[in-house]
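# Examining the three-dimensional arrangement
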Amino acid sequence: AQSVSQHNHHVILSEAASLELGCNYSYGGTVNLFWYVQYPGQHLQLLLKYFSGDPLVKGIKGFEAEFIKSKFSFNLRKPSVQWSDTAEYFCAVYGSSNTGKLIFGQGTTLQVKP
Amino acid sequence: GAVVSQHPSRVICKSGTSVKIECRSLDFQATTMFWYRQFPKQSLMLMATSNEGSKATYEQGVEKDKFLINHASLTLSTLTVTSAHPEDSSFYICSARLAGWYEQYFGPGTRLTVT
């Protein structure tokens, strides 16, 4: 069965620190990869997505992610976090055999201290 | 564009009653809508996939008779929690997808509390 694993469950950083959140998936075929963010009390928003092409994708609010096919990874990065980045982050995968379903990782809670 | 709304945002009901949650795609036609359940500090758990004009496909372990899903139009899907019990209390989120697209657009969620 396809799965998505996020290694960091709770990350605490100070403002201006660099961020990297891990995401690994298990699926051997063509994948589409997503990172979603859920700010406190708000709905899920798309941060960035990878469908094909350049494996380094840039999203909103200074976030980027790199698709490394050989490692089945799609890690999220930001060079300098802000207090406003405090949120829950979800990695999700759509595989060609998923029949349209997104498979979500467990989520990572990011807490940025001012 | 690509806005999905849910109504109500919060609902409190008594045990044994039924509750209907609406999910609407406001500015696009969604051939497929998804219903998720999210427990505190946990990920989204897909409950069912709803295609317009056909029966919903439920994930394993989700009771179809308890969670009734109707997708009567390209812009509206409803989830009815029948004979609700306190263990049904949760955050229910819907998403919608355009035909032929992978990306899903999420609604703001509905907080259900069953007393």
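Before reading on, note that the structure itself is shown above.
For every chain, the first residue of its written sequence is number 1, and the numbers climb from 1 along that sequence. For naming, the first written chain is A and the first written ligand is 1, with later ones following in the order written. A pLDDT threshold of at least 70 governs which residues receive local features in this predicted model, and a stricter bar of 80 or more applies before side-chain atom pairs are shown or counted, although totals over entire chains, interfaces and linings include all residues. In computing side-chain properties, one takes all heavy atoms of the structure into account and sets aside hydrogens as well as water.

### A word on the overall build of chain B
Helices and strands together make up the secondary structure of chain B, namely zero helices and eleven strands. Note on conventions: DSSP H or I runs of at least 4 residues are helices, E runs of at least 2 residues are strands, and numbering of each starts at the N terminus. When its helices and strands are written in sequence order, chain B yields β-β-β-β-β-β-β-β-β-β-β. For the radius of gyration, the atoms used are the C-alpha atoms, and the globule rule reads 2.2 Å times the number of residues raised to 0.38. Taken over C-alpha atoms, the radius of gyration comes to 13 Å for chain B, in line with the 13 Å a tight globule of 115 residues would show. With the C-alpha coordinates aligned to their principal axes, the bounding extent of chain B is approximately 40 × 25 × 25 Å. Evaluated residue by residue, chain B yields a buried proportion of 50% over its 115 residues. Summing over all exposed atoms, chain B offers an accessible surface of approximately 5,600 Å²; the carbon and sulfur share of this is 52%. In chain B, 11 side chains carry a positive charge and 9 a negative one; their mean positions are 5 Å apart. The classification of residues rests on relative accessible area computed with a 1.4 Å probe and restricted to protein chains. Under 20% of the type maximum is buried, over 50% is exposed, and intermediate values are partly exposed. Using a 1.4 Å probe, accessible areas were evaluated by the Shrake-Rupley method; residue-level cover was limited to the displayed protein chains. Residues scored as positive are Lys and Arg, those scored as negative are Asp and Glu, and His as well as the terminal groups of each chain are ignored. By convention, charge coordinates are those of NZ in Lys, CZ in Arg, CG in Asp, or CD in Glu.

### Overview of the interface of chain A and chain B
Counting residues at the interface gives 17 residues for chain A and 18 residues for chain B. Here's the idea: put two parts together, see how much 1.4 Å probe accessible area each one loses, and the total over both is what we call buried area. Between chain A and chain B, the buried area comes to about 1,500 Å², and carbon and sulfur atoms account for 58% of it. For the chain A face of the interface with chain B, the top three residues by lost area are A:L44, A:K101 and A:F104, together amounting to 27%. The salt bridge criterion pairs a side-chain nitrogen of Lys or Arg with a carboxyl oxygen of Asp or Glu, the two atoms within 4 Å. In this structure, the connection of chain A to chain B is made through two salt bridges. Linking B:E103 and A:K49 is a salt bridge whose minimum nitrogen-to-oxygen distance equals 2.5 Å. Polar contacts, as used here, are pairs of N or O atoms within 3.5 Å; protein pairs need one atom able to donate a hydrogen and one able to accept it. Residues neighboring in sequence count only if both atoms are side-chain atoms. Counting across the interface, chain A meets chain B through five residue pairs in polar contact (both at pLDDT 80 or more). Only β5 (31-38), β6 (45-50) and β10 (87-95) of chain A provide two or more residues apiece to the side of chain A that touches chain B. The leading source of residues in the side of chain A that touches chain B is β5(A), at four residues. Ten residue types, Ala, Val, Leu, Ile, Met, Phe, Trp, Tyr, Cys and Pro, are classed as nonpolar, four, Asp, Glu, Lys and Arg, as charged, and the remainder, Gly among them, as polar. In the side of chain A that touches chain B, the residues fall into nine nonpolar, six polar and two charged. Residue contacts are counted whenever heavy atoms from the two residues lie within 4.5 Å of one another.

### Observations regarding the state of the cysteines
Residues and elements named next belong to chain B. Two cysteine sulfurs form what is called a disulfide whenever their separation falls within 2.5 Å. The tally for this structure, following the rule as stated, stands at two disulfides over all chains. Sulfur-sulfur distance for the disulfide between C23 and C94 comes to 2.0 Å. An S-S torsion of about 80 degrees defines the bridge between C23 and C94 as right-handed. Taken together, the residues span a long stretch of sequence, with C23 in strand β3 (residues 19-25) and C94 in strand β9 (residues 90-97) at a distance of 71 residues. For the pair C23 and C94, a shared accessibility class is recorded, and that class is buried.

### Focus on unusual backbone geometry
Cis peptide bonds are those with omega within 30 degrees of zero, and the linkage from B:H7 to B:P8 qualifies with 0 degrees. Looking at the secondary structure, you find B:P8 in the loop between β1 (4-7) and β2 (10-13). The phi angle at A:F72 is positive, at roughly 50 degrees, despite the residue not being glycine. With relative accessibility at 35%, the residue A:F72 sits in the partly exposed group.

### Description of the packing of aromatic side chains
Residues and elements named next belong to chain A. Only the six-membered ring of Trp is used, alongside the rings of Phe and Tyr, when aromatic pairs are assigned; centres must lie within 6.5 Å, and planes under 30 degrees apart are stacked while those over 60 apart are edge-to-face, with the rest tilted. Summed over the entire model, instances satisfying the criterion amount to 15 aromatic pairs over all chains. Ring centres 5.6 Å apart and planes at 70 degrees place the aromatic pair Y25 and F72 in the edge-to-face group. Placement of Y25 in strand β4 (residues 24-26) and of F72 in the loop between β8 (64-68) and β9 (73-78) is noted, with a sequence separation of 47 residues between them. Aromatic pair F34 and F51: ring centres 5.7 Å apart, planes at 75 degrees, arrangement edge-to-face.

Read these as spatial facts, not as claims about activity.
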